[in-house]
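Listed below are the residues making up each chain.
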Amino acid sequence: MRIKVIFILTFLISGLANAQTEINLMPYPAEITVGNGQFILTNEFNIGITNGTQRLFDGTTRFLRRLDGRAGLFFNQNYLGNTDNHKNAKLLIQISREGIVELNEDESYELQITGDQIVLTSETDIGAIRGLETLLQLLDADKQGYFFPLIDIRDEPRFPWRGLLIDVCRRWMPMEVIKRNLDGMAAVKMNVLHLHLTEDQGFRIESKVYPKLHELGSNGDYFTQIEMKEIISYANDRGIRIVPEFDIPGHATSWFVGYPELASAPGPYEIETGYGIKNPTMNPTKESTYEFLDNFLGEMAALFPDAYMHIGGDENNGKQWDANPEIQAYMKKNAIADNHKLQSYFNSRILDILNKYGKNMMGWDEIFQPGISKDIMIQSWRGKEALIASAQKGYKAILSNGYYIDLIQPTSFHYLNDPLSEDSPLRPEEAQLILGGEAAMWSEVVTPETIDSRIWPRTAAIAERLWSPGAIKDVDDMYRRLEVISIQLEELGLLHERNYEMMLRRLAGGRDIKALKTLTDVIEPVKIYERHNQGITFTTFSPYTRLVDAARPDAKIAREFRNLVDDFIETGDLALTQDIKGYLLLWVENHAAFIELAEKSPILKDAVKLSLDLSNLSKIGLQALSSSVDHDAGWKKEASIMLEAAKEPRMECELMVVSAVQKLVENSR
Ligand code: ACM
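Each chain has its residues counted from 1, following the order in which its sequence is written. Local features in a predicted model are, by the rule used here, given only for residues with pLDDT of at least 70; side-chain atom pairs are given and counted only at 80 or more, and totals for whole chains, interfaces and linings are based on all residues. Only heavy atoms go into the side-chain values, all of them from the structure, while hydrogens and water stay out.

Engineer: Help me understand the overall build of the chain in this model?
Structural biologist: Going along the chain from the N terminus, every DSSP run of H or I of four or more residues is numbered as a helix, and every run of E of two or more is numbered as a strand. The secondary structure content of the chain amounts to 26 helices and 18 strands. Radius of gyration here uses only the C-alpha atoms, and the compact-globule reference equals 2.2 Å multiplied by the residue count raised to the power 0.38. Its C-alpha radius of gyration of 27 Å places the chain within 12% of the 26 Å reference for a compact globule of 669 residues. In terms of principal-axis extent, the alpha carbons of the chain reach across some 80 × 75 × 50 Å. Only protein chains enter the accessibility calculation, which uses a 1.4 Å probe. A residue is then buried if its area is under 20% of the maximum for its type, exposed if over 50%, and partly exposed in between. Split into buried and exposed, the 669 residues of the chain put 58% on the buried side. Residues are treated as being in contact if the distance between any of their heavy atoms lies within 4.5 Å. In the chain, 74% of the contacts between residues at least 6 apart in sequence involve partners at least 24 apart. Note that accessible areas follow from Shrake-Rupley with a 1.4 Å probe, and for residues the cover is restricted to the protein chains shown. When the accessible surface of the chain is summed, it comes to about 26600 Å², and 52% of that surface belongs to carbon and sulfur atoms. Positive charges come from Lys and Arg alone, negative charges from Asp and Glu alone, with His and the N- and C-terminal ends not counted. Just so you know, the charge point we use is NZ for Lys, CZ for Arg, CG for Asp and CD for Glu. Here the chain contributes 71 positive and 96 negative side-chain charges, whose respective centroids are spaced 1 Å apart.

Below you can see the structure in the form of structure tokens.
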């Protein structure tokens, strides 16, 4: 038959490693057996559900519409309701019960595709919704039409907490951003959206008890309680929990604009527009602070159904505490030795409040202190050590260190960052306390226009790390599947792919973006927090529309070029030099066109230097591959100096092909 069948037979013989290279699933399932043949999709495709719930009818209807959207078959069935329970339907979904959107709910499912029927079985409707995403990812096509491969899957998550944090404070992220990202999360089986709702730069949730919090603390951009209920319900439909974060006692300027009496210094306060660690901090020595927080957190405990509430607790610099004589006197009187102990006292008071409202407390790793109740959960952001130490002392923890997607690190880095790696020192009972992890999308330098490109597709690889067996960690295969998944995520309205060219058109001031795209394809924004050290002071109102904002993390063309050079150096295969030279020539020649473009687009003026560097380093690469150039020590030295200089950030961007050209130079004889 077709080549595909031969591949399928091969993976039956050689097992998982090969199967992984042919099936475009992300996250990859726990167990998979691939058969031989197809389930052919026609407009007769229909779905029956036994024991259906409203969540499942709605979720299945969304599935049906997405499937028909891809295949264009005009399915006879339009939507699912409780009369659609035919056992002979093409897709039969059987669940045992309605799931509860809470930690540790059963999300497992089994999916069996035969030539005649697809059967999806799960304990809960949430498990079925996870299975439907798997099925959508399996849709394939050949010249006869659309089909599903015959396959048998048994799947369940490795970790129960698979989260994404979105900071809606530094940059306001309206409803549509949240909803489309919830859809993206559901597509890759993530189950916690952690909303960072209060910060120095904005108080983003309506409080009816203390209305000056959102009225004066937010410039008008906040979620009303009705809107938050809509988000919670939208997430619940997709089996996703909403965990709210109210960051205290630091990171709290926006609270003090309306209620300066909460702070440790008199004020007045204004909403912060700059970034970094700020001084305003709650006063933990006044009973009125706890009365206020009791009322406010009680209001929020009623609004947010999840059992976990996040109190932040990070980066309190203690300066206001040091400078306040009453706080100093209080510490002396109560034998509180230092600011850390004072914050521990504050945390223990907050813990009592949250427990009173039936909530579990979680916070950043700063909240950990010896002796605090074992009910709290630690979110480790400063290092994996905190995660390990928390579990060793008997505390539940999740990992965010290594999943900070605002730091523009490559997908492979996040992918290989395992909360429980093979060399983890934790004993089995300690390892049980590691519940999973969260990607963290801080919003200092993103907007609704760019945030998706920082979240996706890299977060799909983090989702796989948290869902799939730890042994699934082939980086090349991850990148291969990520290419496919990234495009599928677009159907949910995510903008990570499509906004790239839109932003380049705006930068170019027209439709001809060829020269600009050729350059932008091989640059990335600078990493970690380097963007704040490049001579520009950013605020919540800065334009995030420049070259660095259009440039994407883990630039694919640059990565492919680096891989090509590595292959060439490893194998010595001269055939590869044709492709390498093809890129280098393109980049040499691009410069003239780029200059012409930059003359018409002043916003690109400073990028000419980047383009020139790309052109010059490409010339060096061509020389390195040329047998008519003498690669003597003098040439190598001069080339190295130029290449080192080309590594310097420009316009907050870095060229991502320098290291590969350095290898070509070192390799030249
Ligand atoms: C944090 O990134 N300050 C939790």
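Anyway, onward from the coordinates.
Engineer: Sorry if this is basic, but what is going on with the side chain of R454 here?
Structural biologist: Mapped onto the elements, R454 comes out in helix 16 (residues 451-455). Polar contacts involving the side chain of R454 include one to the side chain of S453, which spans 2.9 Å. Apart from residues lying up to four places away in sequence, R454 is in contact with I405, I408, M441, V446, P525, V548, D549, A551, R552 and P553. Nitrogen and oxygen atoms within 3.5 Å of one another constitute a polar contact, given that in protein one can donate a hydrogen and the other can accept it, and given that sequence-neighbouring residues count only through two side-chain atoms.

Engineer: Looking at this structure, how should I read the packing of aromatic side chains?
Structural biologist: For any pair of aromatic rings, the description consists of the separation of the ring centres together with the inter-plane angle of the planes. Aromatic rings from Phe, Tyr and Trp, with only the six-membered ring used for Trp, were paired whenever their centres fell within 6.5 Å, and each pair was classed as stacked if the ring planes differed by under 30 degrees, edge-to-face if by over 60, and tilted otherwise. Summed over the entire model, instances satisfying the criterion amount to 25 aromatic pairs. Ring geometry for Y210 and Y259: centres 5.5 Å apart, planes at 80°, overall edge-to-face. With Y210 in the loop between strand 10 (202-203) and helix 6 (212-217) and Y259 in the loop between helix 8 (253-258) and helix 9 (287-303), the pair connects residues that are 49 residues apart, well separated along the chain. Just as Y210 is buried, Y259 falls in that class too. Taking 5.1 Å as the distance between ring centres and 90° as the angle between the ring planes, the aromatic pair formed by F368 and Y395 counts as edge-to-face. Taken together, the residues span a long stretch of sequence, with F368 in the loop between strand 13 (360-364) and strand 14 (377-380) and Y395 in the loop between helix 13 (384-392) and strand 15 (396-399) at a distance of 27 residues.

Engineer: I would appreciate a short explanation of the pattern of salt bridges in the present structure.
Structural biologist: Any two side chains of opposite charge can pair if their charged atoms end up close together. The salt bridge definition used is simple: a Lys or Arg side-chain nitrogen within 4 Å of an Asp or Glu carboxyl oxygen. Within the structure shown, the criterion is met by 45 salt bridges. Linking E133 and R66 is a salt bridge whose minimum nitrogen-to-oxygen distance equals 3.0 Å. Linking E133 in helix 4 (residues 125-138) with R66 in helix 3 (residues 54-71), this pair joins segments that are 67 residues apart in sequence. A salt bridge links R154 to E110; its shortest N-O distance comes to 3.1 Å. Of this pair, R154 sits in strand 7 (residues 145-155) while E110 sits in strand 4 (residues 109-113), placing them 44 residues apart in sequence.

Engineer: What am I meant to see in unusual backbone geometry here?
Structural biologist: Leaving glycine aside, a negative phi is the common case for residues, and trans is the common case for peptide bonds. Backbone torsion omega between M26 and P27 reads 0°, so that peptide bond is classified as cis. Here P27 is to be found in the loop between helix 2 (16-20) and strand 1 (31-40). The peptide bond linking G267 to P268 adopts the cis configuration, its omega dihedral lying at 5°. You can see P268 is positioned in the loop between helix 8 and helix 9. Despite not being glycine, E652 has its phi angle at roughly 65°, a positive value. Relative to the assigned elements, E652 resides in the loop between helix 25 (633-646) and strand 18 (653-655).

Engineer: Would you mind showing me how to read the pairing of strand 11 (residues 241-246) here?
Structural biologist: Where a strand is regular, its side chains alternate between the two sheet faces. When you tally the buried positions in strand 11, you get six out of six residues, the bulk of the element. Burial along strand 11 is two-sided: the residues R241, V243 and E245 and I242, P244 and F246 are all buried. Only strands that DSSP links by at least two bridges are regarded as paired with each other. Here strand 9 (residues 192-199) pairs with strand 11 via six bridges, running parallel. What sits directly across from L195, in strand 11, is P244.

Engineer: Teacher, can you tell me more about the environment of D125 here?
Structural biologist: In this structure, D125 sits in helix 4. For the pair D125 and Q94, spaced 31 residues apart in the sequence, the C-alpha separation amounts to 8.8 Å. Non-local contacts of D125, meaning those with residues more than four positions away in its chain, are made with T53, R55, L56, I95, R97, E98 and G99. Among the polar contacts listed, one links the side chain of D125 to the side chain of R55, at a separation of 3.1 Å.

Engineer: I tried to follow the environment of R511 on my own but got confused; where do I start?
Structural biologist: Among the secondary structure elements, R511 is positioned in the loop between helix 19 (498-508) and helix 20 (514-520). Distance in space between the C-alpha atoms of R511 and E501 is 9.4 Å, their sequence separation being 10 residues.

Engineer: What is the right way to look at helix 25 in this model?
Structural biologist: Since there are 3.6 residues in each turn of an α-helix, residues three or four apart along the chain are aligned in direction. To estimate the expected span of a helix, subtract one from its residue number and multiply by 1.5 Å. If you check helix 25, its first and last C-alpha atoms are 20 Å apart, about what 14 residues at 1.5 Å a residue would give, namely 20 Å. Inspection of helix 25 places W635, A639, M642, L643 and A646 among the buried residues, and these make up the whole buried set. Along helix 25, the residues classed as buried sweep out an arc of 100° about the axis, all on the same side. Among the exposed residues of helix 25, those pointing more than 90 degrees away from its buried face are A633, K637 and I641. On its buried side, helix 25 packs onto helix 24 (608-625), strand 18 and helix 26 (658-667). What the arc covers is the set of directions going from the helix axis to the C-beta atoms.

Engineer: Would you mind going over the confidence of the model for the chain with me for this structure?
Structural biologist: As a note on interpretation, predicted positions should not be read in detail where pLDDT is low. pLDDT runs from 0 to 100 and stands for how confident the predictor is about each residue. For the chain, per-residue confidence averages 95 on the pLDDT scale, and residues scoring 70 or more make up 97% of the total. Predicted confidence is poor over residues 1-21, with pLDDT under 50, and the contacts of this stretch with residues over four places away or in other chains come to 31 contacts.

Engineer: Would you take a moment to explain the nonpolar core for this structure?
Structural biologist: The nonpolar side chains of a soluble globular protein tend to be buried with one another. In this text, buried Ala, Val, Leu, Ile, Met, Phe, Trp, Tyr and Cys residues form a nonpolar core when linked through side-chain atoms within 4.5 Å. Counting residues in hydrophobic clusters, the biggest one holds 132 residues, and the most contacted among them are F45, W255 and I350. Here the element with the most residues in this core is helix 9; it accounts for eight residues. Excluding residues that lie within four positions of it along the chain, F45 makes contacts with F39, F63, L64, L67, F75, Q77, K90, L91 and I118. One finds A508, V522, A551 and L604 within the second-largest nonpolar core, a separate group that totals 54 residues.

Engineer: Whenever I open this one, the packing of helix 25 against helix 26 confuses me. Can you help?
Structural biologist: Helices that pack against each other are described as a pair by the angle of their axes relative to one another and the distance between those axes. Across the interface, helix 25 lies against helix 26 with an axial gap of 10 Å and an inter-helix angle of 170°. In terms of orientation, helix 25 lies roughly antiparallel with respect to helix 26. Touching W635, K636, A639, L643, E644 and A646 of helix 25 are V658, V661, Q662, V665 and E666, all from helix 26. Orientation is described by axes fitted as lines to C-alpha atoms, over the contacting stretch for helices, and by angles from 0 to 180 degrees between their N-to-C directions. Throughout, the term roughly parallel applies to angles under 35 degrees, roughly antiparallel to angles over 145, roughly perpendicular to angles from 65 to 115, and oblique to all others.

Engineer: How do you make sense of a negative patch on the surface when you look at a structure like this?
Structural biologist: Every patch collects residues that have over 30% relative accessible area and no salt bridge, joining them within 9 Å if they carry like charges and within 5 Å if they are nonpolar side chains (Val, Leu, Ile, Met, Phe, Trp, Tyr). A cluster of acidic side chains, namely D474, D476, D567, E570 and D573, defines a negative patch on the protein surface. Relative to the helices and strands, D567 resides in helix 22 (residues 556-571).

Engineer: I'm lost on the packing of helix 9 against helix 12 (residues 339-356) in this one. Help?
Structural biologist: At a closest axis distance of 10 Å, the pairing of helix 9 and helix 12 adopts a crossing angle of 35°. Once helix 9 is placed against helix 12, the crossing between them reads as right-handed. In contact with E287, Y290, L293, D294 and L297 of helix 9, helix 12 contributes Y345, F346, R349, I350, I353, L354 and K356. Each residue is assigned to one class: nonpolar for Ala, Val, Leu, Ile, Met, Phe, Trp, Tyr, Cys and Pro, charged for Asp, Glu, Lys and Arg, and polar for all the others, Gly among them. Among the residues forming the contact of helix 9 with helix 12, the class breakdown is eight nonpolar, no polar and four charged. If you view the pair so one helix is near and one far, a crossing is left-handed when the near helix is turned anticlockwise from the far one by less than a right angle, and right-handed when it is turned clockwise.

Engineer: So what exactly am I meant to see when it comes to the pairing of strand 7 here?
Structural biologist: Examined bridge by bridge, strand 1 and strand 7 share seven bridges and lie antiparallel to one another. Looking at strand 7, one finds that Q38 is bridged to P149. As defined by bridge partners, strand 4 adjoins strand 7 across five bridges and the pair is classed as antiparallel. Of the residues in strand 7, the one forming a bridge with Y109 is D155. Where strand 6 (residues 140-142) lies against strand 7, three bridges are found, and the strand directions are antiparallel. The residue bridging D142 from the neighbouring strand is G145, located in strand 7.

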